[in-house]
Amino acid sequence: MDTTAIGSELRRRHDELVAELTALTTVVRDPSATIGFGKRVGEGTSEAIGRIERVAQADALTAKLADVDRAQAKIDEGTYGYCDRCGAAIPDQRLEARPWAVLCLRCSAT
């Protein structure tokens, strides 16, 4: 397993995720804007729903970023390719599909 190439891929993915998070969480302040939750879907309600969706997207990106950073740390520690929970080897096919995988399939399903 070429951990040098995997490390490069993880660093690239890290940078992409940070850029996505920055774009997603940058707030443009409009002092005249108000958000309301009325009985009808209006502009304020739509904006509030959009913000809720962006928070969920940011949470998912943050979790993936944590996995990418953990996988990079595992390369540095010499434990890359082994499950953080049970210690079993993570199959190469999983690592090829998700180089940031830090759990085996069994542990990731629980």
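Look a little higher up for the structure.
Quick look at the structure, then.

Overview of the overall build of the protein chain
Counting secondary structure elements, the protein chain contains 4 helices and 0 strands. Tracing the protein chain from N to C terminus, the helices and strands come up as α-α-α-α. Surface summary for the protein chain: the accessible area is close to 7,500 Å², and the carbon and sulfur share equals 55%.

Digging into the packing of aromatic side chains
On inspection of all chains with the given rule, the structure shows 0 aromatic pairs. Here the guanidinium or amino end of Arg13 rests over the ring plane of Trp100, the centre of that ring lying 5.7 Å away.

Thoughts on the pattern of salt bridges
Evaluated as defined, the whole model comprises 7 salt bridges. The closest approach of N and O atoms between Glu16 and Arg12, which form a salt bridge, is 2.1 Å. You can see Glu16 and its partner Arg12 sitting in helix 1 (residues 3-25), 4 residues apart, about one turn around the helix. Between Glu16 and Arg13 there is a salt bridge whose closest N-O contact spans 2.9 Å. Residue Glu16 and its partner Arg13 are located together in helix 1, separated by 3 residues, close to a single helical turn. Given a relative accessible area of 13%, Arg13 falls into the buried group. Among the ionic contacts, a cluster of salt bridges with common partners joins Glu9, Arg12, Arg13, Glu16 and Glu20.

Overview of the nonpolar core
One finds Leu10, Ala71 and Tyr80 to be the most contacted residues of the largest nonpolar core, which totals 20 residues. Those elements giving two or more residues to this core turn out to be helix 1 and helix 2 (43-77). When residues in this core are grouped by element, the largest group, 6 residues, is from helix 2.

Quick word on helix 1
Counted at 1.5 Å a residue, the expected span for helix 1 with its 23 residues is 33 Å, and the 32 Å between its end C-alpha atoms agrees. Regarding helix 1, the residues found buried are Ile6, Gly7, Leu10, Arg13, Leu17, Leu21 and Leu24. Sitting at the amino-terminal end of helix 1 is Asp2, which places a side-chain oxygen 3.2 Å from the backbone nitrogen of Thr4.

Some remarks on the side chain of Arg94
Inspection of the secondary structure puts Arg94 in helix 3 (residues 92-97). Despite being buried, Arg94 has no salt bridge partner; Asp67 is the closest side chain of opposite charge, sitting 7.3 Å away.

So, the side chain of Arg13
Of note is the side chain of Arg13, whose polar atom sits 2.9 Å from the side chain of Glu16. Once residues within four sequence positions are removed from consideration, Arg13 is found in contact with Glu20, Lys64, Val68 and Trp100.

Conventions used here
Residues numbered from 1 in each chain as written. Predicted model: local features only at pLDDT ≥ 70, side-chain atom pairs only at ≥ 80, totals over all residues. Heavy atoms only, no water. Helix = DSSP H or I, 4+ residues; strand = E, 2+ residues; numbered from the N terminus. Areas by Shrake-Rupley, 256 points an atom, 1.4 Å probe, with all protein chains shown as cover. Phe/Tyr/Trp six-rings, centres within 6.5 Å; stacked < 30°, edge-to-face > 60°. Lys NZ or Arg CZ within 6 Å of the ring centre and 35° of its normal. Salt bridge = Lys/Arg side-chain N within 4 Å of Asp/Glu carboxyl O. Buried < 20%, exposed > 50% of the residue type's maximum accessible area, 1.4 Å probe, protein only. Core = buried A, V, L, I, M, F, W, Y, C linked by side-chain atoms within 4.5 Å. Expected span 1.5 Å × (residues − 1). Polar contact = N/O pair within 3.5 Å; in protein donor to acceptor, adjacent residues only side chain to side chain. Lys, Arg positive; Asp, Glu negative; His and termini not counted. Contact = heavy atoms within 4.5 Å.

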